[in-house]
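Understanding the architecture of this molecule
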Amino acid sequence: MPDTRIDPIDDPADPADMLGFGLGLRHQHYQEIADTPGAVDWFEALSENYMAPGGRPLHWLDRLRRDYPMVLHGVSLSIGAVDPLDMDYLAALKALAQRMEPRWVSDHLCFTGHAGVNLHDLLPLPYTEEALAHVVQRVQRVQDVLGRRILLENVSSYVQYAESQLSEWDFLVAVAGRADCDILLDINNIHVSAFNHEFDPRAYLAEIPAARVKQIHLAGHLHCGTHIIDTHDHPIVDDVWGLYADAIRRFGMIPTMIERDDDIPPYADLVAELDHARATASRALAGRGAPA
Ligand SMILES: [Fe+2]
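Figured I'd write up the structure that's included with this text. Because the structure is a prediction, the values reported are computed rather than measured.

Points about the sheet that holds strand 9 (residues 213-218)
Taken in spatial order, the eight strands of this closed barrel run 1-2-3-4-7-8-9-12, and their pairing is parallel. Across the sheet, the axes of successive neighbouring strands diverge by a mean angle of 30°, strand direction being ignored. Judged from the three bridges that link them, strand 1 (residues 21-24) and strand 2 (residues 42-46) form a sheet pairing that is parallel. Counted as the bridge partner of Leu23 is Phe43 from strand 2. Strand contacts of helix 3 (residues 87-100): strand 3 (70-73) and strand 4 (105-108), with the helix running at about 170° to strand 3, the strand carrying the most contacts.

Describing the side chain of Asn188
Positionally, Asn188 belongs in helix 6 (residues 187-197). The exposure class assigned to Asn188 is buried, which follows from its relative accessible area of 0%. Here Asn188 is in contact with His217, Ala219, Gly220, His221, Asp230, His232 and Val240, once residues within four sequence places are set aside.

Side note on the packing of aromatic side chains
Applying the stated criterion across every chain yields a total of eight aromatic pairs. Plain terms: the ring middles of Tyr30 and Trp60 are 5.5 Å apart, the flat faces sit at 20° to each other, and that makes the pair stacked. Taken together, the residues span a long stretch of sequence, with Tyr30 in helix 1 (residues 30-35) and Trp60 in helix 2 (residues 55-64) at a distance of 30 residues. Tyr30 gets classed as buried once you look at its relative accessible area, which sits at 3%.

Details of empty space enclosed by the protein
Applying the stated rule across the entire model yields two cavities of 30 Å³ or more. Taken as a whole, the largest cavity encloses approximately 50 Å³ of empty space. Taken together, the residues that form the lining of the largest cavity break down as seven nonpolar, three polar and one charged. By volume, the second largest cavity amounts to about 30 Å³. Lining the second largest cavity are Leu23, Gly24, Arg26, His29, Ile33, Phe43, Tyr267 and Leu270. Residue assignment for the lining of the second largest cavity shows that the elements contributing at least two residues are strand 1 and helix 9 (267-286). Split into classes, the residues belonging to the lining of the second largest cavity amount to five nonpolar, two polar and one charged.

Thresholds, definitions, all that
- Residues numbered from 1 in each chain as written.
- Predicted model: local features only at pLDDT ≥ 70, side-chain atom pairs only at ≥ 80, totals over all residues.
- Heavy atoms only, no water.
- Pairing = 2+ DSSP bridges.
- Helix = DSSP H or I, 4+ residues; strand = E, 2+ residues; numbered from the N terminus.
- Axes fitted to C-alpha atoms, helices over the stretch in contact; angles between N-to-C directions.
- Contact = heavy atoms within 4.5 Å.
- Buried < 20%, exposed > 50% of the residue type's maximum accessible area, 1.4 Å probe, protein only.
- Phe/Tyr/Trp six-rings, centres within 6.5 Å; stacked < 30°, edge-to-face > 60°.
- 1 Å grid on protein atoms, 1.4 Å probe; cavity = no way out; pocket = protein on both sides within 12 Å on 5 of 7 lines; lining within 4 Å.
- Points joined across faces, edges and corners; volume = space filled by probe spheres on them.
- Nonpolar A, V, L, I, M, F, W, Y, C, P; charged D, E, K, R; others polar.

This is the structure in structure tokens:
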């Protein structure tokens, strides 16, 4: 059984990392974001949407980044794939990061293709020692190229591998510790996978080292009765708010953002949902240390 407890991190939290409460930057809201400053603390931009030179997206990114802290979030790194790392993609990501100076760069602990075919999905890995060693050396290579520590996000999943030796959370913790990368913890993804695979989401939270968690994602999903699909097209449900409160109690105040990728509501609706996140986090922190 591989040792998942190698984790030399002892960095104190950087005050500049305390971004507050953010939203995903979506083109439907560009103008309203510019017209209503202060409603949101920061934005997460999807890396792939801003890699092409010129055009409207990059114009808006350049404009809004003057007023808001930004982070970059990608979906194409395919850190767990067997195919070689896409060095052209990494060069484009590095150029974008140099242009917009994000507070950090993240992607997913998954693979998105095989043998040159992009499957356009965030597919889970087998949680084995072989996969662990493979991912760790690729994360180290990516961090060397980018010249910075990256964040990896836990994905939601619908299948598991018979070969897996580790739990998902032990695999995530081992990757972060051995590769010295940070964690983007998606609370909705934990909830979705916990329901689909019948594990305890709070056992997951309990095993994640607080010092590695630099960002939290919240999102809505589609509950199909027998399983949950991670659609990002609904408001956040009460069970996820409850798990988020537990996460804040465990990790402290972590920069939190809401992902909405489909059926995009008016900006004001997302700002209101984000205000609910602020209130939930404040209540969780106020209750920290109080008797359960
Ligand atoms: Fe996410």
